[in-house]
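# Architecture at a glance
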Amino acid sequence: MTKVSFIGLGNMGLPMAKNLVRAGHDVTGFDLVEGQLTELVKSGGKVSENLNDTLKNSEVVITMLPSGKHVKSVYLGEEGIIKNSPAGLLLIDSSTIDVESAREVEEVANKSNLKMLDAPVSGGVTGAEAGTLTFMVGGDEEAFEKGKELLDIMGGNVIHAGQAGNGQVAKICNNMLLAISMIGTSEAFNLAERLGLDSQTFYDISSTASGQCWSMTSYCPVPGPVPTSPANNNYKPGFSSALMLKDLRLSQEASKITNTETPLGAHSTEVYEKMEKGGYDNLDFSGVIKLISGELK
Ligand code: NAD
């Protein structure tokens, strides 16, 4: 049994923490929202009034927070996790954040003789609930081996991506590619339909031909061909367009910093910005097909 402090019990963090409780670990949760804490207690977890007191008795800290700003504020500074952690505590940040912030926090942790992993996930809320997330993990080998046992409970696929920050690199590059492929898939289905080819027939052909991709075969943006895709459920997320835009913006920040051209990544960002401006960013990211077809303005 490992003593875990879990910080950030939102849509993702709560089911992840519950899975650790279910597996027999001693989990103490923290969140700014009272209701999330109550949910963890109902599942057999604990909550504590004082994070820094709890850290003294913990072996691992896991954070699942909205952005780099939140991660820095929780880890750094006099009141932060790093200053208040006993030697040997392993820190794991599973939030999706910018590579620079991830590397900065990990460097401060290492200077304080603490091991840290960046371990962002893909798989969404359903993956978090089912314990089937993919973890992309940056940090040294020793820390990875130590953290893997817990990550294996919350995930179906735990991959070591190399040095600190590389988990975030994998996450934002993967999601930039995902946005591009979803927009491409949507354009193809829309054009096929306008030319008189019905979606199911186009799917049957393209899903076994060279246009095949995950956005088509697992998450098809038109209703029908893939019954589990959000298109069959009024584009209820799933993975929202707002979260996709967040990740695309991270990819564009990273392109700027590294002076790397990502023209399709840049264009995809503009497309999802349109979803945001129109107030459609609460739709699943496959709902972008409605923008492409002209159904949304
Ligand atoms: P969320 O907004 O539902 O949860 C974040 C939680 O952090 C909230 O409950 C909030 O109260 C809490 N929080 C914020 N600041 C805090 C602080 N200082 N101390 C304690 N708690 C604090 O977000 P989410 O959907 O759970 O996503 C979390 C992270 O996972 C994000 O970085 C997101 O990009 C990433 N992610 C989300 C999904 C998804 O489908 N939701 C998929 C993959 C990755």
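Structure's up top.
In this report, the structure presented in the accompanying data block is examined.

Basis of the calculations
- Residues numbered from 1 in each chain as written.
- Predicted model: local features only at pLDDT ≥ 70, side-chain atom pairs only at ≥ 80, totals over all residues.
- Heavy atoms only, no water.
- Helix = DSSP H or I, 4+ residues; strand = E, 2+ residues; numbered from the N terminus.
- Expected span 1.5 Å × (residues − 1).
- Buried < 20%, exposed > 50% of the residue type's maximum accessible area, 1.4 Å probe, protein only.
- Arc of directions from axis to C-beta.
- Contact = heavy atoms within 4.5 Å.
- Near = heavy atom within 4 Å.
- Polar contact = N/O pair within 3.5 Å; in protein donor to acceptor, adjacent residues only side chain to side chain.
- Areas by Shrake-Rupley, 256 points an atom, 1.4 Å probe, with all protein chains shown as cover.
- Nonpolar A, V, L, I, M, F, W, Y, C, P; charged D, E, K, R; others polar.
- Domains from an automatic or database assignment.

So, about helix α5 (residues 99–111). The first and last C-alpha atoms of α5 sit 18 Å apart over 13 residues, in line with the 18 Å expected at 1.5 Å per residue. Residues of α5 that are buried: Val99, Ser101, Ala102, Val105, Glu106 and Ala109. The buried side chains of α5 occupy one side of the element, clustering within an arc of 165° when seen end-on. Facing away from the buried side of α5 by over 90 degrees, the exposed positions are Glu100 and Lys111. Buried-residue contacts for α5 involve α4 (68–75), β5 (90–93), β6 (115–118), β8 (133–138) and α8 (166–194). A positive phi of about 60° marks Asn113, the residue just after α5.

Bringing the site of the ligand into the picture now. Among the 23 residues in the neighbourhood of the ligand, the closest are listed as Asn11, Met12, Asp31, Leu65 and Lys246. Here Pro66 contributes a backbone N or O atom positioned 3.1 Å from an oxygen atom of the ligand. Interatomic distance of 2.8 Å between a side-chain N/O atom of Lys246 and an oxygen atom of the ligand. For the ligand, whose free accessible area comes to 830 Å², the fraction covered by protein is 84%. When residues of the shell around the ligand are traced back to their parent elements, those giving at least two are α4, α6 (124–130) and α11 (241–257). Residues of the shell around the ligand, tallied by class, amount to 13 nonpolar, 7 polar and 3 charged. Looking at which domains feed residues into the shell around the ligand, each of domain 1 (3–163) and domain 2 (169–292) supplies at least three.

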